[in-house]
Amino acid sequence: MGDPRAFLRVVRKKLPARPVEKRVHDCREVDEPFPELELRAQATRCMDCGVPFCHGGCPLRNLIPDWNALVAQGRTDAALGELLRTNNFPEVTSRVCPAPCEASCVLALDNALLGAVTIKAIERSIADVAMRELRPAPVKSRTGCRVVVVGSGPAGLAAAQELARRGHDVTVVEKDDRPRRAASLRNPRLQARKERVWICDLLRWKQKASSFEREFTPGSM
Ligand code: SF4
């Protein structure tokens, strides 16, 4: 944690929106990322509470104070490691989740004066690092067991990833013609970004699900 009193001088900010005159010409995301210094300042607002209610409010139990502290120090790559410990798809959750963590943040008790830590925007910034920098990292040893996961929705893909991390050979079967189609089509923001999101995910799955490539490859999408 940086300065435990930073929330008294740093005002909560939302992600800046792209100008309307630019947005009407494309389908890219509305929000722009925080500049580096603003991102770190927003992360510094986290007090690393003794009882972090944000953690309890998150369905995934994300280690929010831990990665807030790392982002505040400018160690976004280390924050990515912490985020991936509990979250299989931060590039998705940081865009579609309604952020109950922010509603649970201690600073949200006085929204008019302080306002919750911008947890969702910070998570998205960390996930964007994954989009740019995550590379396949093959598992060290394989168990020789083969597992088939039926369905490539968020639960199926998270299960496949976790099993593959443990060295099993995982095959994901899907009746649809594309992985995660249902999950992505429901959200127009993701629809606009599906190519990047999927490619990032494929990089991660390829490192862990050896037979995944036979089912879905970038060329088959
Ligand atoms: S509740 Fe808010 S201030 Fe406290 S640790 Fe969580 S994000 Fe930080």
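Because the structure is predicted, anything quoted here is derived from the model rather than measured.

Undergrad: Sorry, what's going on with the overall build of the protein chain here?
TA: Helix and strand counts for the protein chain stand at 12 helices and 2 strands. Per-residue burial for the protein chain yields a buried fraction of 44% across its 221 residues. Taking the contacts inside the protein chain whose residues are at least 6 apart along the sequence as the reference set, 64% of them involve residues at least 24 apart.

Undergrad: Help me understand the nonpolar core in this model?
TA: Grouped together as the largest cluster of nonpolar side chains are 32 residues, with contacts concentrated most on Trp-67, Ile-122 and Ile-126. If you list the elements that add at least two residues to this core, you get helix H2 (36-44), helix H4 (64-72), helix H5 (76-84) and helix H8 (119-133). The biggest single contributor to this core is H8, with 6 residues. When neighbours within four sequence positions are excluded, Ile-126 is seen to be in contact with Trp-67, Val-71, Thr-76, Ala-79, Leu-80 and Leu-83. Within the second largest apolar cluster, 9 residues are counted, among which are Val-149, Leu-157, Ala-158 and Val-170.

Undergrad: Honestly, H4 in this entry has me stumped. Any pointers?
TA: Note that an α-helix has 3.6 residues per turn; residues three or four places apart therefore point the same way. The element H4 is extensively covered by neighbouring structure, given that 8 of its 9 residues are classed as buried. Among the residues of H4, those classed as buried are Ile-64, Pro-65, Trp-67, Asn-68, Ala-69, Leu-70, Val-71 and Ala-72. Tucked into the core, H4 has its buried residues touching H2, helix H3 (53-57), H5, helix H7 (100-104) and H8. Of the residues trailing H4, Gly-74 is marked for its positive phi of about 85°.

Undergrad: Looking at this model, I keep getting lost on the pattern of salt bridges. Mind explaining?
TA: Opposite charge on two side chains permits them to pair, given that their charged atoms come into close proximity. Evaluated as defined, the whole model comprises 10 salt bridges. Notably, a salt bridge pairs Arg-95 with Glu-29, separated by 2.7 Å at the nearest N-O pair. With Arg-95 in helix H6 (residues 90-96) and Glu-29 in the loop between helix H1 (20-23) and H2, this residue pair connects regions lying 66 residues apart in the sequence. Between Glu-82 and Arg-85 there is a salt bridge whose closest N-O contact spans 3.1 Å.

Undergrad: What is the right way to read the site of the ligand from this model?
TA: If you check the shell around the ligand, you find 13 residues, and the closest are Cys-46, Cys-49, Cys-54, Cys-105 and Val-106. Residue composition of the shell around the ligand, by class: 11 nonpolar, 1 polar and 1 charged.

Undergrad: I would appreciate a short explanation of the pairing of strand S2 (residues 169-173) in the present structure.
TA: Residues in a regular strand point their side chains to alternate faces of the sheet. Pairing of strand S1 (residues 146-150) with S2, which is carried by 5 bridges, proceeds in the parallel orientation. By the bridge assignment, Val-149 is partnered in S2 with Val-172. Crossover connection from S1 via helix H9 (residues 154-165) to parallel S2: handedness right-handed.

Undergrad: For this particular structure, what's the right way to read the packing of H2 against H4?
TA: Helices that pack against each other are described as a pair by the angle of their axes relative to one another and the distance between those axes. For the pair H2 and H4, the least separation of the axes is 8 Å and the interaxial angle reads 140°. Regarding the angle of H2 to H4, the classification is oblique. Pair H2 / H4 crosses with left-handed handedness. Of H4, the residues touching H2 (which contributes Leu-39, Arg-40, Ala-43 and Thr-44) are Asn-68, Val-71 and Ala-72. Class assignment for the residues of the contact of H2 with H4 results in 4 nonpolar, 2 polar and 1 charged.

Undergrad: Sorry if this is basic, but what is going on with a nonpolar patch on the surface here?
TA: On the surface, a nonpolar cluster with roughly 260 Å² of combined accessible area is contributed by Val-148, Val-150 and Val-173. Mapped onto the secondary structure, Val-148 falls in strand S1.

Undergrad: Would you mind going over the packing of H4 against H8 with me for this structure?
TA: Close contact between H4 and H8 brings their axes to 11 Å; oriented N to C, the two are set at 65°. As H4 packs across H8, the resulting crossing turns out to be left-handed. For the pair H4 and H8, the contacting residues are Ile-64, Trp-67, Asn-68 and Val-71 in the first and Ile-119, Ile-122, Glu-123 and Ile-126 in the second. Here the contact of H4 with H8 is built from residues that sort into 6 nonpolar, 1 polar and 1 charged.

Undergrad: Sorry if this is basic, but what is going on with the state of the cysteines here?
TA: Cysteine pairs can be covalently joined through their sulfur atoms, and such a bond is termed a disulfide. Tallied over the entire structure, the rule returns 0 disulfides. Free of any disulfide, Cys-58 has its nearest neighbouring cysteine sulfur in Cys-101, separated by 6.1 Å.

Undergrad: Where do I start with the confidence of the model for the protein chain in this structure?
TA: The predicted coordinates should not be examined in detail at positions where pLDDT is low. For the protein chain, per-residue confidence averages 79 on the pLDDT scale, and residues scoring 70 or more make up 76% of the total. Note that pLDDT drops below 50 for residues 185-200; the model gives that stretch 31 contacts with residues more than four away or on any other chain. When the criterion is pLDDT under 50, residues 206-221 qualifies, and its contacts beyond four places in sequence or with other chains add up to 37 contacts.

Cut-off values and rules
- Residue positions are given per chain, counted from 1 along the sequence in the order it is written.
- Confidence filtering applies because this is a predicted model: local features only for residues at pLDDT of at least 70, side-chain atom pairs given and counted only at 80 or more, and all residues used for totals across whole chains, interfaces and linings.
- Side-chain calculation: all heavy atoms of the structure are included, whereas hydrogens and water are not.
- What counts as a helix is a DSSP run of H or I of at least four residues, what counts as a strand is a run of E of at least two, and both are numbered from the N terminus.
- Relative accessibility decides the category of a residue: with a 1.4 Å probe and only protein chains considered, values under 20% of the type maximum give buried, values over 50% give exposed, and everything between is partly exposed.
- Residues count as neighbours in contact if any of their non-hydrogen atoms are within 4.5 Å of one another.
- The term nonpolar core refers to a set of buried residues drawn from Ala, Val, Leu, Ile, Met, Phe, Trp, Tyr and Cys, joined through side-chain atoms within 4.5 Å.
- Here, a salt bridge means any Lys or Arg side-chain nitrogen found within 4 Å of an Asp or Glu carboxyl oxygen.
- Only heavy atoms are used to decide nearness, and a residue is near a molecule or strand if one of them lies within 4 Å of it.
- Charged residues are taken to be Asp, Glu, Lys and Arg, nonpolar residues to be Ala, Val, Leu, Ile, Met, Phe, Trp, Tyr, Cys and Pro, and polar residues to be all remaining types, Gly included.
- For two strands to pair, DSSP has to find at least two bridges joining them.
- Look down the strands so they point away from you; if the path from the first strand over the helix to the second goes clockwise, the crossover is right-handed.
- Lines fitted to the C-alpha atoms define the axes, with helices restricted to the stretch that makes contact. Angles between their N-to-C directions range from 0 to 180 degrees.
- Angles below 35 degrees are treated as roughly parallel, those above 145 as roughly antiparallel, those between 65 and 115 as roughly perpendicular, and all remaining angles as oblique.
- Note: crossing handedness is left-handed where the near helix turns anticlockwise from the far helix by less than a right angle, and right-handed where it turns clockwise.
- Note that patches include only residues with greater than 30% relative accessible area and no salt bridge, and the join distances are 9 Å for like charges and 5 Å for nonpolar side chains (Val, Leu, Ile, Met, Phe, Trp, Tyr).
- All accessible areas in this document rest on Shrake-Rupley with a 1.4 Å probe, and a residue is counted as covered only by the protein chains that are shown.
- Defined by distance alone, a disulfide is two cysteine sulfur atoms within 2.5 Å.
- The quantity called pLDDT is the predictor's confidence in a given residue, expressed from 0 to 100.

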